[in-house]
Structure formats: C-alpha cells, structure tokens
Amino acid sequence: KRIYKEAIERHVEKLNISCKGISGSSVVNIISNEIHKGTWYTWAEGDLAYVNFTYWNSKVDVTLYYRDTHDQQIQMEATFAAILPSLNQGSNYDKIKAVHDYLCNSIAYTYGYHDTYDALCRNVGVCQSYTSLFMKFMSAMGIPCYAQEGTVNGEAHVWNVVYLDGEWYNIDLTWDDEGGRDVGYKYFLKCDADWEGHHHGGATATKSMEVTGKSAI
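Rules used throughout
Residues numbered from 1 in each chain as written. Predicted model: local features only at pLDDT ≥ 70, side-chain atom pairs only at ≥ 80, totals over all residues. Heavy atoms only, no water. Core = buried A, V, L, I, M, F, W, Y, C linked by side-chain atoms within 4.5 Å. Buried < 20%, exposed > 50% of the residue type's maximum accessible area, 1.4 Å probe, protein only. Helix = DSSP H or I, 4+ residues; strand = E, 2+ residues; numbered from the N terminus. Contact = heavy atoms within 4.5 Å. Polar contact = N/O pair within 3.5 Å; in protein donor to acceptor, adjacent residues only side chain to side chain. Axes fitted to C-alpha atoms, helices over the stretch in contact; angles between N-to-C directions. Left-handed = near helix turned anticlockwise from the far one by under 90°. Pairing = 2+ DSSP bridges. Phe/Tyr/Trp six-rings, centres within 6.5 Å; stacked < 30°, edge-to-face > 60°. Lys NZ or Arg CZ within 6 Å of the ring centre and 35° of its normal. Expected span 1.5 Å × (residues − 1). Bend = angle between axes of the 7 residues up to and from the residue.

To continue, consider the nonpolar core. Ranked by size, the top nonpolar core spans 42 residues in total, and within it I96, F134, F137, M138 and V162 carry the most contacts. Mapped onto this core, the elements with two or more residues apiece are α3 (70-87), α4 (92-106), α5 (116-122), α6 (127-141), β6 (145-152), β7 (155-164) and β8 (167-171). With eight residues, α6 is the largest single contributor of residues to this core. When sequence neighbours within four positions are dropped, the list of residues in contact with F134 reads I96, V99, H100, L103, C145, N160, V162, I171 and L173. Formed by 17 residues, the second largest nonpolar core is a distinct cluster that contains L15, F53, V60 and Y66.

With respect to the helices and strands, S208 occurs in the segment after α7 (173-176). Judged by its relative accessible area of 15%, S208 is buried. A distance of 3.0 Å separates a polar side-chain atom of S208 from the backbone nitrogen of C191. A distance of 2.6 Å separates the side chain of S208 from the side chain of D194, its partner in a polar contact. Sequence-distant contacts of S208, that is, excluding residues within four places in its chain, are made with Y169, L189, K190, C191 and D194.

With respect to the helices and strands, G197 occurs in the segment after α7. We classify G197 as partly exposed; its relative accessible area is 41%. When the C-alpha atoms of G197 and F134 are compared, they prove to be 21 Å apart, with 63 residues separating the residues in sequence. With sequence-adjacent residues up to four places away left out, G197 is seen in contact with T151, V152, N153 and W175.

Below, the discussion takes up the packing of α3 against α6. Running from amino to carboxyl end, α3 crosses α6 at an angle of 65 degrees, the nearest separation of the two axes being 11 Å. Note on packing geometry: the crossing formed by α3 with α6 is right-handed. Contact residues: α3 offers M76, E77, F80, I83, L84 and L87, while α6 offers K136, F137, A140 and M141.

Turning our attention to the pairing of strand β1 (residues 14-18). Of the two faces of β1, only one is covered, namely that formed by L15 and I17; the face formed by K14, N16 and S18 stays uncovered. Both β1 and strand β3 (residues 59-66) contribute to a ladder of five bridges, which runs antiparallel. Pairing of L15 across the sheet is with V62, part of β3.

For the structure shown, the criterion picks out 10 aromatic pairs. Between Y93 and F188 the ring centres are 5.9 Å apart and the planes differ by 80 degrees, which places this aromatic pair in the edge-to-face class. Residue Y93 is located in helix α4, and its partner F188 is located in the segment after α7; the two are separated by 95 residues in the primary sequence. Like F188, Y93 is buried. We note K136 situated over the ring of F80; from NZ or CZ to the ring centre the distance is 4.8 Å.

The pairing of strand β2 (residues 48-56) with β3 spans eight bridges and is classified as antiparallel. In the sheet register, T54 faces β3, and the bridge partner there is D61. With antiparallel pairing between neighbouring strands as the criterion, β2 and β3 make up a hairpin whose turn holds two residues, including N57 at a positive phi of roughly 50 degrees.

In this section: α3. Compared with an ideal rise of 1.5 Å per residue, which puts 18 residues at 26 Å, α3 spans 26 Å between its outermost C-alpha atoms and is within 8% of the ideal. Taking the largest bend as the criterion, α3 deviates by roughly 25 degrees, centred on A81, and proline P85 comes between one and four positions later. Buried residues of α3: Q72, Q73, M76, F80, I83, L84 and L87, and no others. Among the structural elements, α1 (2-9), α4, α5 and α6 are those in contact with the buried residues of α3.

This is the structure we're talking about:
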C-alpha cells in the first residue's frame, strides 16, 4: 500500500508490484478495497483518474492515468506548499476547520472542472474538486480521510469522511459552500443521524461535532 500511494503522489504512470506469500489478485483487492474503497476511481491522491491492473501469480503490473499534466502538477504543488503552513496550525480540529473554511471561501462551484488542480489553481470545481483537495490537505497534515461516493437527491455525489478524536465524521465542503464569502457548517463533522440529504454516511461517531472557534473570514 505504501509503494502504491507513493507512486500516485509522484505521478508514476507504470508500476510493477511483486509480493511474497500473497497472490496478485489479493494485492489488487487490497488496493481496491482499502485505498480506493471498492472502486477503481479515486478523488484521493494525485488526481488519479483511472487504474488498470494486470496480474499473475504474485506479480501485478499497474498503469495509472491522471487528470493533470506534469506542468500542472508542478504548479499545483508549489501553490499547495505556499498555502499549507497557514492552515496547518493548532489541533486537528483547528486544521480541519481551517481547511474547510479556506476551501469553501476560495472555490466557486463551477460545472466542467473536476480535479484538484482546478480547485487549487483555478479556484473552480464541482464536488470531486472540493473532495480531492480537502483530502490532499488532510494527507499532508497526517489526518486520516477518504472520499465517500453516493447519491444526493438521486444524483451522484462525493464527499469526505475524516477521522478526529477516535471517530470518523462526515464532512461535505460542496454543500457547506454557500457562495461568495459565506461558509456554512450544516455538513461539517456530522454523524450519520444528522447527515441530511445524503443517502448514506460513513461516520462511526454517534454525535456530531460542535462547531467552535472563529468562523471563516
């Protein structure tokens, strides 16, 4: 899993995995179920768009396809590195809220833009953009987080589930972006019982997290 994740972060396009004592099909199942949460697609790391696996015995050949060009990736990493320090302060709660507020303030919901580069460098995007960029910040901050695909009012949607103080919470930045400089918290660190509008959640917490601290400016 570590080798695979590092390959995605470096935008590696071809990867060969060989494991002793485990079959190639088992390796693919681990990657699918534990990293991509059961789907070949991910809004998680490095703007990975699609993965193709070929496996036999204990070997796996992986071809990875990305949404961004190499130059866009360089620009995105430079922009990300400049923003990260100001948000990566305080407790994990403080960090989650700071990223939530920053992204809700900086991204304008715009059809046709789907990846992390769009959200970070163009400040536009749809739910995939919010979700993937939030995960990028959480990964850099060492906070466990994943993307949860589902439906909202019968339409496909993706949001985040983030780990805080021993529990998993639902968080949907797309729906908390109320436009302009307005940031909502109706979908911020929620338990499943409070997860309105979504056909399912992914929280283990039985009570939603209370919103504290300064609101976004």
